[in-house]
Amino acid sequence: MLTTTILFYVFSAILLVSALLVITARNPVYSALYLVLAFFNAAALFLLLGAEFLGLILILVYVGAVMVLFLFVVMMLDINLERLKEGFLRYLPLGLAIAIVGVLEMVAVFWTAPIGRVPAPGPIPANADNTRALGELLYTHYLYPFEIAAVILLVAIIAAIALTLRRRPDTKSQAVGKQVAVAVRERLRMVDLRGPKP
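Residues numbered from 1 in each chain as written. Predicted model: local features only at pLDDT ≥ 70, side-chain atom pairs only at ≥ 80, totals over all residues. Heavy atoms only, no water.

1. Digging into the overall build of the protein chain
When helices and strands are counted, the protein chain shows nine helices and zero strands. Order of helices (α) and strands (β) in the protein chain, N terminus to C terminus: α-α-α-α-α-α-α-α-α. Burial analysis of the protein chain (198 residues in total) assigns 10% to the buried set. In the protein chain, the share of contacts with a sequence separation of at least 24, taken over all contacts with a separation of at least 6, comes to 58%. By element, 71% of the accessible surface of the protein chain is carried by carbon and sulfur atoms, the whole surface being about 17300 Å². (Helix = DSSP H or I, 4+ residues; strand = E, 2+ residues; numbered from the N terminus. Buried < 20%, exposed > 50% of the residue type's maximum accessible area, 1.4 Å probe, protein only. Contact = heavy atoms within 4.5 Å. Areas by Shrake-Rupley, 256 points an atom, 1.4 Å probe, with all protein chains shown as cover.)

2. Notes on the packing of aromatic side chains
Overall, the coordinates contain three aromatic pairs when judged by the stated rule. The interplanar angle of 70° and the centroid separation of 5.5 Å between the aromatic rings of F8 and Y9 together place this pair among those described as edge-to-face. Given a relative accessible area of 39%, F8 falls into the partly exposed group. Measuring from centroid to centroid gives 5.3 Å for F39 and Y62, while their planes differ by 50°, and the two rings are tilted. Here F39, found in helix 2 (residues 28-48), pairs with Y62, found in helix 3 (residues 52-76); they are 23 residues apart in sequence, far enough to count as distant. Using a relative accessible area of 18% as the deciding quantity, one classes F39 as buried. In this structure Y62 comes out as partly exposed when scored by relative accessible area, which is 40%. (Phe/Tyr/Trp six-rings, centres within 6.5 Å; stacked < 30°, edge-to-face > 60°.)

3. Points about the environment of A43
Looking at where A43 falls in the secondary structure, it is placed in helix 2. On the basis of relative accessible area, A43 is assigned to the buried category, the value being 1%. Ignoring anything within four residues of it in the chain, the contact list for A43 reads G55, L58 and I59.

4. Things to note about a nonpolar patch on the surface
Together, L47, L56, I57, L60, V61 and Y62 give the surface a local cluster of nonpolar side chains, amounting to about 540 Å² of exposed area. The leading source of residues in the nonpolar patch is helix 3, at five residues. For L60, a relative accessible area of 59% corresponds to the exposed category. (Patch = residues over 30% accessible without salt bridge, like charges linked within 9 Å, V, L, I, M, F, W, Y side chains within 5 Å. Salt bridge = Lys/Arg side-chain N within 4 Å of Asp/Glu carboxyl O.)

5. A closer look at the nonpolar core
Counting nine residues, the largest nonpolar core is built from A32, V36, F39, A42, A43, L58, V63, M67 and L71. Looking at this core, the elements that each hand over two or more residues are helix 2 and helix 3. Tallying contributions element by element places helix 2 first for this core, with five residues. (Core = buried A, V, L, I, M, F, W, Y, C linked by side-chain atoms within 4.5 Å.)

6. Things to note about the UniProt feature "transmembrane region" (unreviewed entry) in the protein chain
UniProt marks residues 6-25, 32-51, 57-79, 91-113 and 142-165 with the feature "transmembrane region" (unreviewed entry), using the numbering shown here. In residues 32-51, the share of helix is 85% and the share of strand is 0%. The end C-alpha atoms are 25 Å apart. (UniProt positions renumbered as here; feature names shortened; annotations may be inferred.)

7. Some details on the side chain of S31
With respect to the helices, strands and loops of the structure, S31 is situated in helix 2. Here S31 falls in the buried class, since its relative accessible area comes to 16%. From its side chain, S31 meets the backbone oxygen of V22 in a polar contact 2.6 Å long. Aside from chain neighbours lying at most four places away, what touches S31 is V22 and A25. (Polar contact = N/O pair within 3.5 Å; in protein donor to acceptor, adjacent residues only side chain to side chain.)

8. Regarding the confidence of the model for the protein chain
Here the protein chain averages 81 in pLDDT, and 84% of its residues register 70 or above. Ranking the elements of the protein chain by mean pLDDT puts helix 4 (residues 81-90) last with 67 and helix 1 (residues 2-24) first with 90. (pLDDT = per-residue confidence, 0-100.)

9. Thoughts on the environment of L35
Summarising the element assignment, L35 is placed in helix 2. A sequence separation of 20 residues divides L35 from L15, and the C-alpha atoms of the two residues are 9.1 Å apart. With residues up to four places along the chain from it excluded, the contact list for L35 reads V22 and M67.

10. Thoughts on the packing of helix 1 against helix 2
At their nearest, the axes of helix 1 and helix 2 sit 8 Å apart, and the two run at 155° to each other. Classed by the angle they form, the pair helix 1 and helix 2 counts as roughly antiparallel. Crossing of helix 1 over helix 2 shows left-handed handedness. Together, T4, L7, F8, F11, S12, I14, L15, S18, L21 and V22 of helix 1 and S31, Y34, L35, L37, A38, N41, A42, A44, L45 and L48 of helix 2 make up the contact between the two elements. (Axes fitted to C-alpha atoms, helices over the stretch in contact; angles between N-to-C directions. Parallel < 35°, antiparallel > 145°, perpendicular 65-115°, else oblique. Left-handed = near helix turned anticlockwise from the far one by under 90°.)

Structure follows, in structure tokens:
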């Protein structure tokens, strides 16, 4: 138990420091790399809690896919750091107000249920399978919200692609009316491979 507690505090401290560095780093690439470190430590905390599925999914999906995409976008775009600093100063009062509200919410939670009174989690059964339990809950009780979220994400992807390609002059798109109106003689050309007759 002592080793688990020490690891929890170590991973939590690294997670907090890396999350702070994400928003304070001047270079966007460093900020994305600090976010990768934060994801790794959050995954380690999930593993300590016995939720190995969520920890591995956090590493595979966010670190392996999303953060790689972020890094590619950050490195490909020509980001003007001066404009980012101007925007930071303009939105600083709003950000401070939101941060104060968040801190007050956490204080209210700890005030109503201090750390010493929080009951310890029950023992995990030996044959417990987190992946199966999560899958059964997701595909039975939360099936409709899960499917609705999937459809919304699909529509968002299609809309983003359509908006991106709408105004580009060299975009190749289908014209269904022209495809249907094409005659066979316009699409099919017979070639005699035997060559000219002697």
